[in-house]
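Letter by letter, the chains look like this.
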Amino acid sequence: GRVIFSGIQPTGIPHLGNYLGALSNWVKLQRNADPEDELFFSIVGWHALTLPQDPQELSASRMNMLATLLAIGIDPKRSVVFHQDDNQCHTELAWILSCVTPIGKLRRMTTWKSRLADSRNAGSDSEVDESLLNAGLFTYPILQAADIMAYRATHIPVGEDQTQHLELSRELANIFNRTFAARKRFFPIPTQVNTPSRRILSLRDPTSKMSKSSPDVQSRILLTDSTSKIKSKIQASVTDSILGVTYDPVNRPGTSNLLTILAACTDESPEEVASRYEGKSHRELKADTADAVEELLKGPREDFERIRNEKGYLTEIAKQGADRARERSSATLKEVRTMVGLS
Ligand code: TYM
(Lines give C-alpha, C1' and ligand atoms only; values in the text may rest on other atoms or scores of the structure.)
Protein backbone atom coordinates (compact mmCIF):
# COMPACT_ATOMS: atom_id res chain seq x y z
CA GLY A 1 0.00 0.00 0.00
CA ARG A 2 0.94 3.63 -0.43
CA VAL A 3 1.76 5.95 2.44
CA ILE A 4 0.33 9.32 1.48
CA PHE A 5 1.53 12.40 3.37
CA SER A 6 0.86 16.09 2.94
CA GLY A 7 0.97 19.27 4.98
CA ILE A 8 -0.40 22.77 5.05
CA GLN A 9 0.63 25.76 7.13
CA PRO A 10 -1.92 27.09 9.61
CA THR A 11 -1.67 30.68 8.45
CA GLY A 12 -5.21 32.01 8.26
CA ILE A 13 -8.18 30.60 6.40
CA PRO A 14 -7.10 28.63 3.29
CA HIS A 15 -7.67 30.28 -0.08
CA LEU A 16 -8.89 28.94 -3.39
CA GLY A 17 -5.30 28.18 -4.47
CA ASN A 18 -4.78 25.95 -1.44
CA TYR A 19 -8.14 24.34 -1.99
CA LEU A 20 -7.89 23.65 -5.73
CA GLY A 21 -4.12 23.14 -5.67
CA ALA A 22 -3.93 20.81 -2.71
CA LEU A 23 -6.81 20.26 -0.31
CA SER A 24 -9.44 19.08 -2.80
CA ASN A 25 -6.83 16.61 -4.01
CA TRP A 26 -6.40 15.28 -0.49
CA VAL A 27 -10.11 14.53 -0.34
CA LYS A 28 -10.02 12.84 -3.75
CA LEU A 29 -7.05 10.72 -2.74
CA GLN A 30 -8.84 9.72 0.44
CA ARG A 31 -11.93 8.75 -1.54
CA ASN A 32 -10.00 6.73 -4.14
CA ALA A 33 -7.43 5.16 -1.83
CA ASP A 34 -7.07 1.39 -1.61
CA PRO A 35 -7.98 -0.07 1.78
CA GLU A 36 -4.31 -0.78 2.52
CA ASP A 37 -3.17 2.79 1.72
CA GLU A 38 -2.36 4.96 4.73
CA LEU A 39 -3.06 8.70 4.70
CA PHE A 40 -1.46 11.40 6.88
CA PHE A 41 -2.49 15.05 6.74
CA SER A 42 -0.57 17.45 8.91
CA ILE A 43 -1.09 21.05 9.97
CA VAL A 44 2.48 22.29 10.05
CA GLY A 45 2.73 24.84 12.85
CA TRP A 46 6.53 24.76 13.01
CA HIS A 47 6.74 25.78 9.37
CA ALA A 48 4.48 28.74 10.07
CA LEU A 49 6.95 30.04 12.68
CA THR A 50 9.54 30.73 9.97
CA LEU A 51 7.71 34.02 9.40
CA PRO A 52 6.64 36.38 12.19
CA GLN A 53 3.22 35.34 13.54
CA ASP A 54 0.93 36.87 16.07
CA PRO A 55 0.74 34.12 18.74
CA GLN A 56 -3.00 34.53 19.32
CA GLU A 57 -3.76 34.51 15.63
CA LEU A 58 -1.55 31.50 15.01
CA SER A 59 -3.27 29.61 17.78
CA ALA A 60 -6.68 30.40 16.25
CA SER A 61 -5.47 29.52 12.73
CA ARG A 62 -4.20 26.20 14.00
CA MET A 63 -7.68 25.19 15.15
CA ASN A 64 -9.40 26.78 12.15
CA MET A 65 -7.23 24.74 9.81
CA LEU A 66 -8.25 21.54 11.56
CA ALA A 67 -11.91 22.60 11.25
CA THR A 68 -11.32 23.33 7.56
CA LEU A 69 -9.86 19.92 6.86
CA LEU A 70 -12.84 18.25 8.50
CA ALA A 71 -15.26 20.60 6.70
CA ILE A 72 -13.90 19.79 3.24
CA GLY A 73 -14.27 16.06 3.86
CA ILE A 74 -11.09 14.70 5.44
CA ASP A 75 -12.38 11.81 7.54
CA PRO A 76 -10.42 11.42 10.79
CA LYS A 77 -11.38 7.76 10.95
CA ARG A 78 -9.84 7.04 7.58
CA SER A 79 -6.94 9.51 7.59
CA VAL A 80 -4.54 10.57 10.33
CA VAL A 81 -5.18 14.30 10.76
CA PHE A 82 -2.83 15.96 13.23
CA HIS A 83 -0.79 18.98 14.27
CA GLN A 84 2.88 18.61 13.33
CA ASP A 85 3.84 20.45 16.51
CA ASP A 86 2.16 17.74 18.61
CA ASN A 87 4.75 15.23 17.42
CA GLN A 88 8.40 15.75 18.44
CA CYS A 89 9.54 12.96 16.10
CA HIS A 90 9.53 15.49 13.25
CA THR A 91 12.02 17.83 14.93
CA GLU A 92 14.26 14.99 16.05
CA LEU A 93 14.45 13.58 12.54
CA ALA A 94 14.92 17.08 11.10
CA TRP A 95 17.99 17.52 13.31
CA ILE A 96 19.48 14.22 12.23
CA LEU A 97 18.81 15.05 8.56
CA SER A 98 20.30 18.52 8.95
CA CYS A 99 23.58 16.83 9.85
CA VAL A 100 23.73 15.20 6.39
CA THR A 101 22.35 18.13 4.36
CA PRO A 102 24.85 20.13 2.31
CA ILE A 103 24.30 23.86 2.89
CA GLY A 104 24.70 24.44 -0.85
CA LYS A 105 21.49 22.55 -1.53
CA LEU A 106 19.56 24.79 0.83
CA ARG A 107 21.04 27.91 -0.76
CA ARG A 108 19.66 26.82 -4.12
CA MET A 109 16.05 26.68 -2.89
CA THR A 110 14.05 29.30 -4.78
CA THR A 111 12.01 30.11 -1.69
CA TRP A 112 15.23 30.99 0.13
CA LYS A 113 16.57 32.90 -2.86
CA SER A 114 13.43 35.00 -3.10
CA ARG A 115 13.63 35.83 0.63
CA LEU A 116 17.23 36.88 0.05
CA ALA A 117 16.21 38.99 -2.92
CA ASP A 118 13.49 40.64 -0.84
CA SER A 119 15.94 41.59 1.86
CA ARG A 120 18.46 42.78 -0.74
CA ASN A 121 15.84 45.09 -2.20
CA ALA A 122 15.44 46.45 1.27
CA GLY A 123 19.05 47.62 1.05
CA SER A 124 22.77 46.83 1.56
CA ASP A 125 25.00 44.01 0.29
CA SER A 126 24.27 40.29 0.24
CA GLU A 127 26.32 39.15 3.21
CA VAL A 128 24.66 41.58 5.56
CA ASP A 129 21.21 40.66 4.22
CA GLU A 130 21.71 36.96 4.70
CA SER A 131 22.82 37.42 8.27
CA LEU A 132 19.54 39.17 9.04
CA LEU A 133 17.32 36.30 7.85
CA ASN A 134 16.40 33.67 10.40
CA ALA A 135 17.86 30.17 10.28
CA GLY A 136 14.41 28.56 10.23
CA LEU A 137 13.67 30.02 6.80
CA PHE A 138 16.88 28.41 5.57
CA THR A 139 16.40 24.96 7.11
CA TYR A 140 12.63 24.79 6.49
CA PRO A 141 12.98 22.28 3.61
CA ILE A 142 14.80 19.86 5.93
CA LEU A 143 11.86 19.92 8.32
CA GLN A 144 9.56 19.26 5.37
CA ALA A 145 11.66 16.22 4.42
CA ALA A 146 11.48 15.03 8.03
CA ASP A 147 7.67 15.38 8.01
CA ILE A 148 7.55 13.04 5.04
CA MET A 149 10.24 10.61 6.13
CA ALA A 150 8.97 10.18 9.70
CA TYR A 151 6.12 8.15 8.19
CA ARG A 152 8.29 6.64 5.45
CA ALA A 153 5.76 8.20 3.08
CA THR A 154 5.71 7.26 -0.59
CA HIS A 155 3.25 9.71 -2.18
CA ILE A 156 3.10 13.46 -1.56
CA PRO A 157 0.20 15.47 -3.01
CA VAL A 158 1.30 19.11 -3.31
CA GLY A 159 1.07 22.05 -5.72
CA GLU A 160 3.78 22.82 -8.25
CA ASP A 161 5.36 25.39 -5.94
CA GLN A 162 6.58 22.55 -3.73
CA THR A 163 8.46 20.63 -6.45
CA GLN A 164 11.91 21.81 -5.40
CA HIS A 165 11.25 20.97 -1.76
CA LEU A 166 10.15 17.50 -2.82
CA GLU A 167 13.37 17.07 -4.79
CA LEU A 168 15.35 17.85 -1.67
CA SER A 169 13.29 15.32 0.28
CA ARG A 170 14.19 12.67 -2.27
CA GLU A 171 17.87 13.59 -2.05
CA LEU A 172 17.84 13.42 1.73
CA ALA A 173 16.12 10.04 1.67
CA ASN A 174 18.85 8.85 -0.72
CA ILE A 175 21.68 10.33 1.32
CA PHE A 176 20.35 8.77 4.52
CA ASN A 177 19.86 5.38 2.89
CA ARG A 178 23.39 5.46 1.46
CA THR A 179 25.03 6.66 4.65
CA PHE A 180 23.25 4.70 7.34
CA ALA A 181 20.84 2.09 6.10
CA ALA A 182 22.14 -1.43 5.70
CA ARG A 183 18.76 -2.16 4.18
CA LYS A 184 19.29 0.23 1.30
CA ARG A 185 15.70 1.33 0.88
CA PHE A 186 14.89 2.10 4.51
CA PHE A 187 13.37 5.39 3.44
CA PRO A 188 11.23 5.15 0.30
CA ILE A 189 11.95 7.84 -2.30
CA PRO A 190 8.79 9.96 -2.16
CA THR A 191 6.85 10.67 -5.37
CA GLN A 192 5.12 14.00 -5.94
CA VAL A 193 1.45 13.62 -6.77
CA ASN A 194 0.54 16.60 -8.89
CA THR A 195 -2.85 18.11 -8.63
CA PRO A 196 -4.67 18.03 -11.96
CA SER A 197 -5.69 21.68 -11.61
CA ARG A 198 -2.74 23.98 -12.26
CA ARG A 199 -1.36 26.83 -10.24
CA ILE A 200 -4.06 29.29 -9.19
CA LEU A 201 -2.91 32.88 -9.67
CA SER A 202 -3.60 36.12 -7.85
CA LEU A 203 -6.84 37.81 -8.97
CA ARG A 204 -5.11 41.21 -8.86
CA ASP A 205 -1.70 40.32 -10.30
CA PRO A 206 -1.98 37.19 -12.45
CA THR A 207 1.80 37.00 -12.87
CA SER A 208 2.15 35.74 -9.28
CA LYS A 209 0.42 32.88 -7.48
CA MET A 210 -2.57 33.36 -5.23
CA SER A 211 -1.03 33.56 -1.78
CA LYS A 212 -1.90 34.03 1.86
CA SER A 213 0.80 36.62 2.31
CA SER A 214 -0.28 39.17 -0.31
CA PRO A 215 -1.38 42.40 1.42
CA ASP A 216 -4.22 42.80 -1.12
CA VAL A 217 -7.20 40.80 0.21
CA GLN A 218 -8.94 41.21 -3.17
CA SER A 219 -6.24 39.00 -4.70
CA ARG A 220 -7.53 35.80 -3.11
CA ILE A 221 -10.82 34.05 -2.39
CA LEU A 222 -11.02 32.51 1.06
CA LEU A 223 -12.88 29.34 1.88
CA THR A 224 -15.10 31.41 4.19
CA ASP A 225 -15.91 34.20 1.72
CA SER A 226 -19.61 34.98 1.36
CA THR A 227 -21.48 34.67 -1.93
CA SER A 228 -21.28 38.42 -2.50
CA LYS A 229 -17.55 38.58 -1.69
CA ILE A 230 -16.83 35.80 -4.17
CA LYS A 231 -18.81 37.68 -6.81
CA SER A 232 -17.16 41.03 -6.23
CA LYS A 233 -13.62 39.65 -6.09
CA ILE A 234 -14.04 37.73 -9.35
CA GLN A 235 -15.79 40.64 -11.07
CA ALA A 236 -12.92 42.93 -10.06
CA SER A 237 -10.25 40.44 -11.14
CA VAL A 238 -7.59 41.67 -13.57
CA THR A 239 -7.98 40.24 -17.09
CA ASP A 240 -7.13 41.99 -20.38
CA SER A 241 -8.78 44.09 -23.09
CA ILE A 242 -8.57 41.44 -25.82
CA LEU A 243 -11.98 40.60 -27.28
CA GLY A 244 -13.33 37.10 -26.62
CA VAL A 245 -12.07 34.34 -24.36
CA THR A 246 -9.12 32.06 -25.15
CA TYR A 247 -6.85 29.91 -22.98
CA ASP A 248 -3.38 31.42 -23.37
CA PRO A 249 -1.54 31.40 -20.01
CA VAL A 250 1.50 33.26 -21.36
CA ASN A 251 -0.20 36.18 -23.09
CA ARG A 252 -3.50 36.19 -21.21
CA PRO A 253 -2.65 35.15 -17.64
CA GLY A 254 -5.71 36.75 -16.00
CA THR A 255 -8.26 35.32 -18.43
CA SER A 256 -6.53 31.94 -18.36
CA ASN A 257 -6.53 31.93 -14.56
CA LEU A 258 -10.33 32.31 -14.55
CA LEU A 259 -10.58 29.45 -17.04
CA THR A 260 -8.33 27.33 -14.81
CA ILE A 261 -10.52 28.07 -11.79
CA LEU A 262 -13.75 27.38 -13.66
CA ALA A 263 -12.30 24.17 -15.13
CA ALA A 264 -11.19 22.98 -11.70
CA CYS A 265 -14.70 23.58 -10.36
CA THR A 266 -16.34 21.59 -13.16
CA ASP A 267 -13.60 18.93 -13.40
CA GLU A 268 -12.68 19.75 -16.99
CA SER A 269 -9.52 20.99 -18.67
CA PRO A 270 -9.16 24.78 -19.17
CA GLU A 271 -8.98 24.17 -22.94
CA GLU A 272 -12.33 22.39 -22.91
CA VAL A 273 -13.91 25.23 -20.98
CA ALA A 274 -12.30 27.83 -23.24
CA SER A 275 -13.85 26.24 -26.32
CA ARG A 276 -17.30 26.96 -24.86
CA TYR A 277 -16.45 30.64 -24.31
CA GLU A 278 -14.84 31.51 -27.64
CA GLY A 279 -17.48 34.00 -28.71
CA LYS A 280 -18.34 35.17 -25.20
CA SER A 281 -17.24 38.10 -23.09
CA HIS A 282 -15.13 38.43 -19.95
CA ARG A 283 -18.30 39.47 -18.18
CA GLU A 284 -19.96 36.11 -18.91
CA LEU A 285 -16.81 34.20 -17.98
CA LYS A 286 -16.58 36.06 -14.68
CA ALA A 287 -20.25 35.55 -13.83
CA ASP A 288 -20.05 31.81 -14.51
CA THR A 289 -16.75 31.45 -12.63
CA ALA A 290 -18.22 33.22 -9.61
CA ASP A 291 -21.26 30.90 -9.68
CA ALA A 292 -19.07 27.80 -9.97
CA VAL A 293 -16.82 28.89 -7.09
CA GLU A 294 -19.86 29.65 -4.93
CA GLU A 295 -21.27 26.21 -5.73
CA LEU A 296 -17.92 24.62 -4.84
CA LEU A 297 -17.39 26.45 -1.55
CA LYS A 298 -20.97 26.59 -0.24
CA GLY A 299 -20.95 23.18 1.47
CA PRO A 300 -17.46 23.42 3.03
CA ARG A 301 -18.20 26.99 4.20
CA GLU A 302 -21.34 25.92 6.06
CA ASP A 303 -19.65 22.89 7.61
CA PHE A 304 -16.67 25.01 8.63
CA GLU A 305 -18.86 27.53 10.45
CA ARG A 306 -20.50 24.69 12.34
CA ILE A 307 -17.36 22.71 13.22
CA ARG A 308 -15.16 25.67 14.22
CA ASN A 309 -17.37 26.24 17.27
CA GLU A 310 -17.20 22.65 18.46
CA LYS A 311 -14.04 23.16 20.53
CA GLY A 312 -14.30 19.92 22.49
CA TYR A 313 -14.69 17.88 19.34
CA LEU A 314 -11.72 19.57 17.66
CA THR A 315 -9.51 18.99 20.70
CA GLU A 316 -10.46 15.34 20.78
CA ILE A 317 -9.78 14.86 17.04
CA ALA A 318 -6.40 16.58 17.41
CA LYS A 319 -5.47 14.33 20.31
CA GLN A 320 -6.46 11.14 18.49
CA GLY A 321 -4.56 12.25 15.38
CA ALA A 322 -1.44 13.07 17.39
CA ASP A 323 -1.53 9.69 19.11
CA ARG A 324 -1.76 7.82 15.82
CA ALA A 325 0.94 9.98 14.19
CA ARG A 326 3.29 9.49 17.14
CA GLU A 327 2.75 5.77 17.19
CA ARG A 328 3.67 5.44 13.53
CA SER A 329 6.63 7.84 13.50
CA SER A 330 8.21 6.72 16.76
CA ALA A 331 8.72 3.31 15.16
CA THR A 332 10.68 5.03 12.36
CA LEU A 333 12.71 7.10 14.82
CA LYS A 334 13.57 4.06 16.89
CA GLU A 335 15.20 2.46 13.85
CA VAL A 336 16.84 5.73 12.81
CA ARG A 337 18.44 6.14 16.25
CA THR A 338 19.87 2.65 16.02
CA MET A 339 21.17 3.21 12.48
CA VAL A 340 23.00 6.42 13.38
CA GLY A 341 24.35 5.01 16.64
CA LEU A 342 22.16 6.74 19.19
CA SER A 343 20.71 3.79 21.01
P1 TYM B 1 1.52 25.78 2.00
O2 TYM B 1 0.88 25.81 3.34
O3 TYM B 1 2.15 27.04 1.51
O4 TYM B 1 0.47 25.33 0.91
C5 TYM B 1 -0.33 24.17 1.08
C6 TYM B 1 -0.59 23.51 -0.25
O7 TYM B 1 -1.23 24.41 -1.14
C8 TYM B 1 -0.55 24.48 -2.38
N9 TYM B 1 -0.71 25.86 -2.92
C10 TYM B 1 -1.15 26.16 -4.15
N11 TYM B 1 -1.53 25.37 -5.18
C12 TYM B 1 -1.95 25.97 -6.31
N13 TYM B 1 -2.02 27.31 -6.46
C14 TYM B 1 -1.65 28.14 -5.46
N15 TYM B 1 -1.73 29.48 -5.64
C16 TYM B 1 -1.19 27.58 -4.23
N17 TYM B 1 -0.76 28.08 -3.04
C18 TYM B 1 -0.47 27.02 -2.27
C19 TYM B 1 0.88 24.13 -2.04
O20 TYM B 1 1.57 23.60 -3.14
C21 TYM B 1 0.71 23.09 -0.97
O22 TYM B 1 0.53 21.80 -1.53
N23 TYM B 1 5.93 23.53 2.84
C24 TYM B 1 4.51 23.31 2.59
C25 TYM B 1 3.80 22.54 3.70
C26 TYM B 1 4.49 21.27 4.09
C27 TYM B 1 4.41 20.02 3.41
C28 TYM B 1 5.20 19.12 4.21
C29 TYM B 1 3.80 19.58 2.25
C30 TYM B 1 5.26 21.07 5.20
N31 TYM B 1 5.69 19.81 5.26
C32 TYM B 1 5.36 17.80 3.82
C33 TYM B 1 3.96 18.24 1.88
C34 TYM B 1 4.74 17.35 2.64
C35 TYM B 1 3.81 24.66 2.47
O36 TYM B 1 4.31 25.65 2.94
O37 TYM B 1 2.57 24.59 1.91
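Rules of the game
Residues numbered from 1 in each chain as written. Predicted model: local features only at pLDDT ≥ 70, side-chain atom pairs only at ≥ 80, totals over all residues. Heavy atoms only, no water. Helix = DSSP H or I, 4+ residues; strand = E, 2+ residues; numbered from the N terminus. Buried < 20%, exposed > 50% of the residue type's maximum accessible area, 1.4 Å probe, protein only. Contact = heavy atoms within 4.5 Å. Polar contact = N/O pair within 3.5 Å; in protein donor to acceptor, adjacent residues only side chain to side chain. Pairing = 2+ DSSP bridges. Near = heavy atom within 4 Å. Areas by Shrake-Rupley, 256 points an atom, 1.4 Å probe, with all protein chains shown as cover. Nonpolar A, V, L, I, M, F, W, Y, C, P; charged D, E, K, R; others polar. Right-handed = clockwise from strand over helix to strand, strands pointing away.

1. A few points about the environment of Arg107
You can see Arg107 is positioned in helix 5 (residues 103-107). Overall, the relative accessible area of 39% leaves Arg107 in the partly exposed class. Residues Arg107 and Gln218 lie 111 residues apart in sequence; the distance between their C-alpha atoms is 33 Å. If near-sequence neighbours (up to four positions away) are discounted, Arg107 is found in contact with Trp112, Lys113, Glu130 and Phe138. Here the side chain of Arg107 touches Glu130 through a polar contact of 2.7 Å, side chain to side chain.

2. As for the pairing of strand 3 (residues 80-83)
Judged by which residues are buried, strand 3 turns out to be covered on both faces: Val80 and Phe82 on one side and Val81 and His83 on the other are all buried. Across four bridges, strand 2 (residues 38-43) lies against strand 3 in parallel orientation. Bridge pairing links Phe41 to Val81 in strand 3.

3. A word on the site of the ligand
The local shell around the ligand holds 26 residues, among which Gln9, Tyr140, Asp147, Asp161 and Ile200 are the closest. At a separation of 2.7 Å, an oxygen atom of the ligand approaches a polar side-chain atom of Gln9. Within the side chain of Asp147, an N or O atom sits 2.7 Å from a nitrogen atom of the ligand. Across the complex, the protein chains shield 96% of the 710 Å² of accessible surface that the ligand would expose by itself. Those elements that provide at least two residues to the shell around the ligand are strand 1 (3-8), helix 1 (16-32), helix 8 (135-149) and strand 4 (155-158). Its residues placed into classes, the shell around the ligand shows ten nonpolar, eleven polar and five charged.

4. Here's the deal with the pairing of strand 4
Strand direction decides the pairing type here: strand 4 and strand 5 (residues 191-194), joined by four bridges, are parallel. Its bridge partner being in strand 5, Pro157 is matched across the sheet by Val193. Crossover strand 4 to strand 5 through helix 9 (residues 163-180) is right-handed.

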